[in-house]
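Here is what each chain is made of, one letter per residue.
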Amino acid sequence: MPANCMRRWILAGVALGISAYAAAAAQTLDLVAQKGTIRIGYINDEAPFSSKKKDGSPTGYAVDLCGKIADAVGRKVTNLKRDYVETTLADGFNAVKDGRVDLLCGALTINLARRQSVDFSQPIFLTGASALLRKDSPDYLMMLFLDKRPTLASSKQAPATSTIGVRSDTTTGATLREALGSDVPKTRIADFATHQDGLAALEGHKIDAYFADRALLFDLASRARNPSALAIGNRLFTHEPYGIALKQDDSAFRLLVDQTLTDVYQSDDFPKLLTTYFGDEGPILRGEIMMQSIPQ
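None of these values were measured; they are calculated from a predicted model.

Engineer: Help me understand the overall build of the protein in this model?
Structural biologist: When its secondary structure is counted, the protein shows 11 helices and 14 strands. Sorting the 296 residues of the protein into buried and exposed places 48% on the buried side. Residue pairs in contact within the protein that sit at least 24 positions apart in sequence constitute 74% of those at least 6 positions apart. When the accessible surface of the protein is summed, it comes to about 15200 Å², and 53% of that surface belongs to carbon and sulfur atoms.

Here it is as structure tokens:
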């Protein structure tokens, strides 16, 4: 091949490489402006943080906060459209990493393992893992999660084997195994695809407790056939800060997200938002969230 042809091939290869790098390094706000659309991923089955209404539209505390962020982006990008993308917990983080969604909202625990592939906003909520039990669940489980000592009249002999349910692909499964330890009677752990499946198994006596973040358990119990037959654990086994997931290495977008959240936390509308989704616990939750927010 002539030298001049070889040189053109090399230059073409370099140009393609630079173009590919530039596309990969493109920042979220630039891509949103080019497309005129912000893509908001949400995980169904995580009420009151993210779920789907009967008409198919998304709803929830985290969804509303993502909507506030979209409002802020809309002040920079004219005629901005919103594309809500339903995803799963298992695939949601990959959707952020691969650029299929710009924000991922739900009950998303911020931890170091997840931060290897995605970034997170400042915390939007603080909770911890506990269990939903039937009031006739084995006494040792009531003691473990409710710190409740059985009376002689109510004492029940522990079964040879009990089963605790947990949602698959969550951080709580490993936590549950650590919490059980060697002092707890033989206990099997069952994975469920959705929290609703776990609730159905608990009410159907197929499992003896269901382990998840306590904030999710309140909503789950409210959807039970007989909520008065259930008890929510008051012992927390983890510290779970929730955040909104976004692409790594994008400081400009992360700054806009955190500025927007801080503005929301300090607004008069924030207590109303908390009350809408968490009832009377709203004022307490606001104080906890404000303690974790980034000052102006």
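Past the structure itself, the notes keep going.
Engineer: How should the pattern of salt bridges be read in this particular structure?
Structural biologist: Should their charged atoms come close, side chains of opposite charge can pair. Counted under the stated rule, the structure contains 14 salt bridges. Across the pair arginine 82 and aspartate 71 runs a salt bridge, and its minimum N-O distance is 2.2 Å. In this pair, arginine 82 sits in strand β4 (residues 81-87) while aspartate 71 sits in helix α3 (residues 61-74), placing the two residues 11 residues apart along the sequence. Residue class for aspartate 71 comes out partly exposed when judged on its relative accessible area of 33%. For arginine 254, the salt bridge goes to aspartate 258, with nearest N and O atoms at 2.6 Å.

Engineer: Looking at this structure, how should I read the nonpolar core?
Structural biologist: In this structure, Phe49, Tyr61, Val73, Leu103, Ile124 and Phe125 are the most contacted members of the largest nonpolar core, which totals 38 residues. At the level of secondary structure, the elements contributing two or more residues to this core comprise β1 (37-43), α3, β5 (103-105), α8 (214-222), α9 (251-265), α10 (270-278) and α11 (282-292). The element that contributes the greatest number of residues to this core is α3, accounting for 9 residues. Not counting residues within four places of it along the chain, the set of residues in contact with phenylalanine 125 comprises Phe49, Tyr61, Ala215, Glu240, Pro241, Tyr242, Phe278, Leu285 and Ile289. Ala129, Tyr140, Phe145 and Phe211 belong to the second largest nonpolar core, which has 17 residues in total.

Engineer: Sorry, what's going on with helix α6 (residues 172-180) here?
Structural biologist: The α-helix winds at 3.6 residues per turn, so residues separated by three or four positions along the chain end up facing the same way. Buried within α6 are the following residues: Thr172, Gly173, Thr175, Leu176 and Leu180. Here the buried residues of α6 occupy an arc of 160° about the axis, which is enough to place them on one side. The secondary structure elements touched by the buried residues of α6 are β8 (129-134), α5 (139-146), β9 (162-167), β10 (187-192) and β11 (209-213).

Engineer: Explain the pairing of β11 here, please?
Structural biologist: Where burial is concerned, most of β11 is hidden: 5 out of the 5 residues are buried. With 5 bridges joining them, β8 and β11 adopt antiparallel strand pairing. Note on β11: the bridge partner recorded for leucine 132 is tyrosine 210.

Engineer: It is not clear to me how the packing of α10 against α11 should be interpreted in this structure. Could you clarify?
Structural biologist: Interaxial distance between α10 and α11 falls to 9 Å at its minimum, and their mutual angle equals 120°. If you check the angle between α10 and α11, you find them oblique. Crossing angle aside, the handedness with which α10 passes α11 is right-handed. For the pair α10 and α11, the contacting residues are Phe270, Pro271, Leu274 and Phe278 in the first and Gly282, Leu285, Arg286 and Ile289 in the second.

Engineer: Is there a simple way to think about the side chain of glutamine 122 in this case?
Structural biologist: Among the structural elements, glutamine 122 can be located in the loop between β6 (119-120) and β7 (125-127). A polar contact is formed between the side chain of glutamine 122 and the backbone nitrogen of isoleucine 294, at a distance of 2.9 Å. The contacts of glutamine 122, once residues within four sequence positions are left out, are Tyr242, Gly243, Arg254, Asp258, Leu261, Thr262, Tyr265, Gln292, Ser293 and Ile294.

Engineer: For this particular structure, what's the right way to read the confidence of the model for the protein?
Structural biologist: Low pLDDT means the predicted atomic positions in that stretch should not be read closely. For the protein, the average pLDDT comes to 86, and 85% of its residues sit at 70 or higher. Overall, residues 9-24 carries pLDDT values under 50, and its contacts beyond four positions in sequence, including any with other chains, amount to 2 contacts.

Reading guide: rules and limits
Residues numbered from 1 in each chain as written. Predicted model: local features only at pLDDT ≥ 70, side-chain atom pairs only at ≥ 80, totals over all residues. Heavy atoms only, no water. Helix = DSSP H or I, 4+ residues; strand = E, 2+ residues; numbered from the N terminus. Buried < 20%, exposed > 50% of the residue type's maximum accessible area, 1.4 Å probe, protein only. Contact = heavy atoms within 4.5 Å. Areas by Shrake-Rupley, 256 points an atom, 1.4 Å probe, with all protein chains shown as cover. Salt bridge = Lys/Arg side-chain N within 4 Å of Asp/Glu carboxyl O. Core = buried A, V, L, I, M, F, W, Y, C linked by side-chain atoms within 4.5 Å. Arc of directions from axis to C-beta. Pairing = 2+ DSSP bridges. Axes fitted to C-alpha atoms, helices over the stretch in contact; angles between N-to-C directions. Parallel < 35°, antiparallel > 145°, perpendicular 65-115°, else oblique. Left-handed = near helix turned anticlockwise from the far one by under 90°. Polar contact = N/O pair within 3.5 Å; in protein donor to acceptor, adjacent residues only side chain to side chain. pLDDT = per-residue confidence, 0-100.

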